[in-house]
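Here is what each chain is made of, one letter per residue.
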Amino acid sequence: MKKSWIEIPGGSDFTLENIPFGIIRYGDQVAPATRIGDTVADLSVLADFGFFDDLDIPDLSVFYQPVLNDLIALGRQKTSQVRQRLQELFADNCALLKNQEDVCRMSLHPANAVQNLKPVSVGDYTDFYSSIDHATNVGKMFRDPSNALLPNWKHLPVGYHGRSSSIVISGTSIHRPKGQTRPDDNQPPVFGPSRQLDFELEMAFITCGETALGESIPVEKAEDYIFGLVLFNDLSARDIQKWEYVPLGPFLSKSFGSVISPWIITLDALEPFRIESPLQEPEPLPYLRHNGRNHFDLKLEVYLIPEHSEGKLICNSNLRHLYWSMAQQLAHQTVAGCNIRTGDLFASGTISGPEPDSFGSMLELCWKGTRPIIMPDGSRRTFVNDNDTIIMKAYAEKDGIRVGFGDCTTTILPAKV
Ligand code: MN
């Protein structure tokens, strides 16, 4: 394991093996950045001092933009080189940056002294439904327990097009949505604040590169278009969803706020945690077929924290529980000819595992309200209360290497009057 001259606290998500990309703000400055330990590095300052000059990047202005779109549009190969350069600069045996006190003072800052901004301008956003345990749980609760999966589920990665305007950075509070619900099936619908506010534990990938309209991305090439991943909390109002979703799918119940973690963890950083994909039976159609190691072993956690009392870990899941891989999702998204752009975001769908404590939503954890979670202060939850905070975490550990995502945090505020 390589060492860094920058201090990395034990258990940090941001090791020398990670080197994620994000956008920071401090004073008047907004710039692309990375994080190592509890230190962030302003990439625009490193660019000022020529640290990326020999990487053959056509236009260095990508290091001075308020979003990462232009930087990641350089493509996987170039951004991998930038990441490797940062790893070199931070490595113990490299004096290039370490010995330049002025440059260090200008480029390196304590992570808690800067603000993270949304790392990319998200063009389009798709939400998949790729966890078999989640889809099965929902099918059991709302349809037929003995026939929970719909007939298409094992043949294609089911998804819908969401709204990108309401995707926000971790730390943003979200007001409880208002809308139409129909609590009594024999009465007309009513209007008011949602009474079944939920989270969905998801991971999302962000694309780099464009395709032309009509073009399809083959499944074996799909990862060339995946820059990296963020945690994704797809807040959902179950009561609004139940009434509105027929027949076109979720609408206002999922577009009032979706929260992403601040640092994009590259596919390169996740490489050590690649695992064999699950056996898919029946075998998918040829355009979705790819054998091998297309999944990732990444621990996922959700904490629920009331406003004035102790919180609790309520979910332990893992990215490995996805049935459809990210590559299959992207191949399917483009197979009909839909073009993609740099900065598009593709969320996995709620990631539930087989164990009841691995379910990735309150709907499943509390089984439609029938199994309340008891909080440390004795209060009960079947959905999320006003002023509750939801924190999602993701990390992988193997052979002494740890790579994590940091927190994806949001607090639910009362409905706006
Ligand atoms: Mn979702």
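Structure shown above.
So, here's what we can say about the structure.

1. Let's talk about the overall build of the protein chain
Right, on to step 1. For the protein chain, the count of helices and strands is nine helices and 26 strands.
Right, on to step 2. Taking 2.2 N^0.38 as the reference for a compact globule, 417 residues should give roughly 22 Å; the C-alpha atoms of the protein chain span a radius of gyration of 22 Å, in line with that estimate.
Right, on to step 3. C-alpha extents for the protein chain along the principal axes are approximately 75 × 55 × 40 Å.
Right, on to step 4. The buried share among the 417 residues of the protein chain stands at 56%.

2. So, the coordination of the manganese ion
Right, on to step 1. Taken together, Asp 127 (OD), Glu 200 (OE), Glu 202 (OE) and Asp 234 (OD) make up the full set of protein donors to the manganese ion, lying 2.1 to 2.2 Å away.
Right, on to step 2. Donor residues for the manganese ion, ordered by position in the chain, follow D-x72-E-x1-E-x31-D. With Asp 127 in strand 6 (residues 125-128) and Asp 234 in strand 14 (residues 226-234), this pair connects stretches of sequence that are 107 residues apart.
Right, on to step 3. The class of Asp 234 is buried, set by a relative accessible area of 0%.

3. Side note on the sheet that holds strand 26 (residues 401-413)
Right, on to step 1. Spatially, 9-26-25-20-21 is the arrangement adopted by the five strands of the open sheet, whose pairing is mixed. In this open sheet, the two edge strands, each paired with only one partner strand, are strand 9 (174-175) and strand 21 (312-318).
Right, on to step 2. Strand direction decides the pairing type here: strand 20 (residues 299-305) and strand 25 (residues 389-398), joined by seven bridges, are antiparallel. Directly across from Leu 300, in strand 25, lies its bridge partner Ala 394.

4. What to know about the layout of surface pockets
Think of a ball as big as a water molecule: rolled over the atoms, this probe shows where empty space is left.
Right, on to step 1. A volume near 1200 Å³ is recorded for the largest pocket.
Right, on to step 2. Going through the elements one at a time, strand 6, helix 5 (132-142), strand 7 (159-161), strand 11 (190-193) and helix 6 (238-244) are the ones with two or more residues in the lining of the largest pocket.
Right, on to step 3. In terms of residue count, helix 6 provides more of the lining of the largest pocket than any other element does, five residues in total.
Right, on to step 4. Partitioned by chemical class, the residues of the lining of the largest pocket number 22 nonpolar, 11 polar and 12 charged.
Right, on to step 5. Estimates place the volume of the second largest pocket at around 360 Å³.
Right, on to step 6. As for the second largest pocket, its lining consists of 18 residues, and the residues nearest its centre are Phe 14, Arg 35, Trp 263, Gly 406 and Asp 407.
Right, on to step 7. Looking at the lining of the second largest pocket, the elements with two or more residues in it are strand 25 and strand 26.
Right, on to step 8. Element by element, the count of residues in the lining of the second largest pocket is highest for strand 26, at four residues.
Right, on to step 9. When its residues are assigned to classes, the lining of the second largest pocket shows nine nonpolar, three polar and six charged.

5. Examining the packing of aromatic side chains
Right, on to step 1. Within the structure shown, the criterion is met by eight aromatic pairs.
Right, on to step 2. Judged by centre distance (4.3 Å) and plane angle (10 degrees), the ring pair of Phe 52 and Phe 63 falls under stacked. Taken together, the positions of Phe 52 in the loop between helix 1 (43-48) and helix 2 (69-72) and Phe 63 in the loop between helix 1 and helix 2 put the pair 11 residues apart, joining distant regions of the chain. For the pair formed by Phe 52 and Phe 63, the shared burial category is buried.
Right, on to step 3. For the pair Phe 359 and Trp 367, a centre-to-centre distance of 6.2 Å together with 40 degrees between the ring planes defines the contact as tilted.

6. Examining the sheet that holds strand 2 (residues 29-36)
Right, on to step 1. As summarised here, the arrangement of the five strands in space is 4-3-2-1-5, forming an open sheet in which the pairing is antiparallel. Edge positions in the sheet fall to strand 4 (108-110) and strand 5 (115-117), since each has one partner strand and no second. Each adjacent strand pair in this sheet contributes to an overall mean axis angle of 45 degrees, direction not counted.
Right, on to step 2. Of the pairings in the sheet, the one linking strand 1 (residues 22-26) to strand 5 comprises three bridges and is antiparallel in character.

7. Comments concerning the nonpolar core
Right, on to step 1. By size, the foremost hydrophobic cluster in this structure holds 70 residues, and its most contacted members are Phe 199, Met 203 and Met 362.
Right, on to step 2. Phe 21, Leu 71, Ala 91 and Phe 232 belong to the second largest nonpolar core, which has 44 residues in total.

8. Description of the side chain of Ser 253
Right, on to step 1. With respect to the element layout, Ser 253 can be found in the loop between helix 6 and strand 16 (258-260).
Right, on to step 2. We classify Ser 253 as buried; its relative accessible area is 0%.
Right, on to step 3. Among the polar contacts made by the side chain of Ser 253, one reaches the side chain of Glu 244 at a distance of 2.6 Å.
Right, on to step 4. In contact with Ser 253, not counting residues within four places along its chain, are Leu 235, Ser 236, Ala 237, Ile 240, Gln 241 and Glu 244.

9. Quick word on the environment of Met 141
Right, on to step 1. With respect to the secondary-structure elements, Met 141 resides in helix 5.
Right, on to step 2. Along the primary structure Met 141 and Asp 28 are separated by 113 residues, whereas in three dimensions their C-alpha atoms are 51 Å apart.

10. A short note on unusual backbone geometry
Right, on to step 1. A cis geometry characterises the amide bond from Val 246 onward to Pro 247, with omega recorded as -5 degrees.
Right, on to step 2. In this structure, Pro 247 sits in the loop between helix 6 and strand 16.
Right, on to step 3. Following Glu 281, the chain continues to Pro 282 via a peptide bond in cis, the omega torsion being 5 degrees.
Right, on to step 4. Assignment of secondary structure puts Pro 282 in the loop between strand 18 (274-275) and strand 19 (295-296).
Right, on to step 5. In the Ramachandran plot, Asp 56 falls in the positive-phi region, its phi being about 60 degrees despite a non-glycine side chain.
Right, on to step 6. Positive phi is not limited to glycine here, since Trp 367 has a value of about 40 degrees.
Right, on to step 7. Mapping Trp 367 onto the fold places it in the loop between helix 9 (362-365) and strand 23 (373-374).

The rules behind each value
Residues numbered from 1 in each chain as written. Predicted model: local features only at pLDDT ≥ 70, side-chain atom pairs only at ≥ 80, totals over all residues. Heavy atoms only, no water. Helix = DSSP H or I, 4+ residues; strand = E, 2+ residues; numbered from the N terminus. Rg over C-alpha atoms; globule rule 2.2 N^0.38 Å. Buried < 20%, exposed > 50% of the residue type's maximum accessible area, 1.4 Å probe, protein only. Donors = N, O, S within 2.8 Å, 3.2 Å for Na, K, Ca; no water. Pairing = 2+ DSSP bridges. 1 Å grid on protein atoms, 1.4 Å probe; cavity = no way out; pocket = protein on both sides within 12 Å on 5 of 7 lines; lining within 4 Å. Points joined across faces, edges and corners; volume = space filled by probe spheres on them. Nonpolar A, V, L, I, M, F, W, Y, C, P; charged D, E, K, R; others polar. Phe/Tyr/Trp six-rings, centres within 6.5 Å; stacked < 30°, edge-to-face > 60°. Axes fitted to C-alpha atoms, helices over the stretch in contact; angles between N-to-C directions. Core = buried A, V, L, I, M, F, W, Y, C linked by side-chain atoms within 4.5 Å. Polar contact = N/O pair within 3.5 Å; in protein donor to acceptor, adjacent residues only side chain to side chain. Contact = heavy atoms within 4.5 Å.

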